[in-house]
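Each chain, letter by letter, is given below.
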Amino acid sequence: MLAQQLINGFAIGFVYILVSVGLTMVYGVLKLLHFAHGVIYMVGAFSAMLGMIYFHLPFPLALLLAMAVSAVIGMGIERFAYRPLRGGHPITTLISGVGVAILLENFFQVIFTSDTLSFPETGIENTIFHLTQSVSITNYKFYIVIAGVIGLGLLYAFLKFTKMGIAIQAVAQDMRAASLMGVNVNRVVSVTFMIGSALAAAAGVLVALNYNSLFPSMGSIPGLKAFCVVVLGGLGSIGGTVVGGLILGLVETMSDGYLSGMVIDKDAIAFVILIVILLIKPSGLFGKKVEKV
């Protein structure tokens, strides 16, 4: 049972990683809590569904379409909801993000209602692979892990070996100094939102495929947990986000497997552990310690 729960925890953990990496990058560049990020997760799932139903796209192309649509919407949110407020009070940008999230979620509820919909047939049968007699993994969960590994690998290569990736790191270190050195800060911020939104969309599509369901509010809880992952790992730390996502995924599956008879929900147990860790190390596992004045 322990091995099975570890496998399930890694699969869920990579979902949280794909969603949380965008939040980490946005915070690292803008020091902004992007509260509209969870709704991008939902937009990706619905975009893939529409692509498969109306354009008859195979699943891989529908996934790419969802990532492209979500990337454009993410850049649009930055351009029209955040950029005009840049330099203002952090509360104003936070409220703007919450407003965009509510607007998009209600827009999708008007079009698709709040009912749970089934994900279209992909032609990919849900197959169970038995690693041992008592340990197994479905191909859908395997796709989630593979997508997470590929996404992180491509992101690492992009940040380390491309001019734009280096510019993103420079802006994250000091936006004003990077601007004075000729870096186009607006373009860097747009690319950051584009990458984060595309990864969140991939997570939304894969989760909708795995559970065969999607609904307009499906991004609310994953978006909230993504914030917990980012805080747990350390604000602005991509490595910390990876570790935090895996920790949260493992905690959820372990609590679901071993503490399922308790009154406390597995989500509540995960947040309790998060609070305990933050009480011990408020800056997160890999966050920079803030010196007291």
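Residues numbered from 1 in each chain as written. Predicted model: local features only at pLDDT ≥ 70, side-chain atom pairs only at ≥ 80, totals over all residues. Heavy atoms only, no water.

Some words on the nonpolar core
Within the largest apolar cluster, 65 residues are counted, with the highest numbers of intra-cluster contacts made by Ile-77, Phe-119 and Leu-214. Broken down by secondary-structure element, the contributors of at least two residues to this core are α1 (2–30), α2 (37–54), α3 (59–82), α4 (90–112), α5 (139–161), α6 (163–173), α8 (185–211) and α9 (220–233). Of the residues forming this core, the biggest block, 15 residues, is contributed by α8. Sequence-distant contacts of Leu-214, that is, excluding residues within four places in its chain, are made with Ala-45, Phe-46, Met-49, Asp-115, Thr-116, Leu-117, Ser-118, Phe-119 and Ala-208. (Core = buried A, V, L, I, M, F, W, Y, C linked by side-chain atoms within 4.5 Å. Buried < 20%, exposed > 50% of the residue type's maximum accessible area, 1.4 Å probe, protein only. Helix = DSSP H or I, 4+ residues; strand = E, 2+ residues; numbered from the N terminus. Contact = heavy atoms within 4.5 Å.)

Focus on the packing of α5 against α8
The geometry of α5 relative to α8 is characterised by a closest axis approach of 9 Å and an angle of 170° between their N-to-C directions. With respect to α8, the element α5 is oriented roughly antiparallel. Contacts from Tyr-140, Lys-141, Tyr-143, Ile-144, Ala-147, Gly-151, Leu-155 and Phe-158 of α5 reach α8 at Val-191, Ile-195, Leu-199, Leu-206, Leu-209 and Asn-210. Per-class residue counts for the contact of α5 with α8 are 11 nonpolar, 2 polar and 1 charged. (Axes fitted to C-alpha atoms, helices over the stretch in contact; angles between N-to-C directions. Parallel < 35°, antiparallel > 145°, perpendicular 65-115°, else oblique. Nonpolar A, V, L, I, M, F, W, Y, C, P; charged D, E, K, R; others polar.)

Quick look at the pattern of salt bridges
Tallying each qualifying case throughout the model produces 3 salt bridges. As a salt-bridge pair, Arg-83 and Glu-78 come within 3.0 Å of each other at their nearest N and O atoms. You can call Arg-83 partly exposed: its relative accessible area is 22%. Look at Glu-78 and you get buried, because its relative accessible area is 0%. (Salt bridge = Lys/Arg side-chain N within 4 Å of Asp/Glu carboxyl O.)

Describing the packing of α1 against α6
In the contact formed by α1 and α6, the axes pass within 6 Å of each other and the chain directions differ by 60°. The orientation of α1 with respect to α6, classified from their angle, is oblique. When α1 is examined against α6, the residues Met-25, Gly-28 and Val-29 are found in contact with a partner set consisting of Ile-168, Val-171 and Ala-172. Its residues assigned to classes, the contact of α1 with α6 shows 5 nonpolar, 1 polar and no charged.

Quick look at the packing of aromatic side chains
In total, this model carries 8 aromatic pairs according to the counting rule given. Judged by centre distance (4.5 Å) and plane angle (25°), the ring pair of Phe-35 and Phe-227 falls under stacked. Here Phe-35 is found in the loop between α1 and α2, whereas its partner Phe-227 is found in helix α9, with 192 residues between them in sequence. On the basis of relative accessible area, Phe-227 is assigned to the buried category, the value being 15%. Their ring planes at 40° and their centres at 6.3 Å tell us that Tyr-140 and Tyr-143 sit as a pair that is tilted. You can see Tyr-140 and its partner Tyr-143 sitting in helix α5, 3 residues apart, about one turn around the helix. Here Tyr-140 falls in the buried class, since its relative accessible area comes to 8%. We classify Tyr-143 as partly exposed; its relative accessible area is 31%. (Phe/Tyr/Trp six-rings, centres within 6.5 Å; stacked < 30°, edge-to-face > 60°.)

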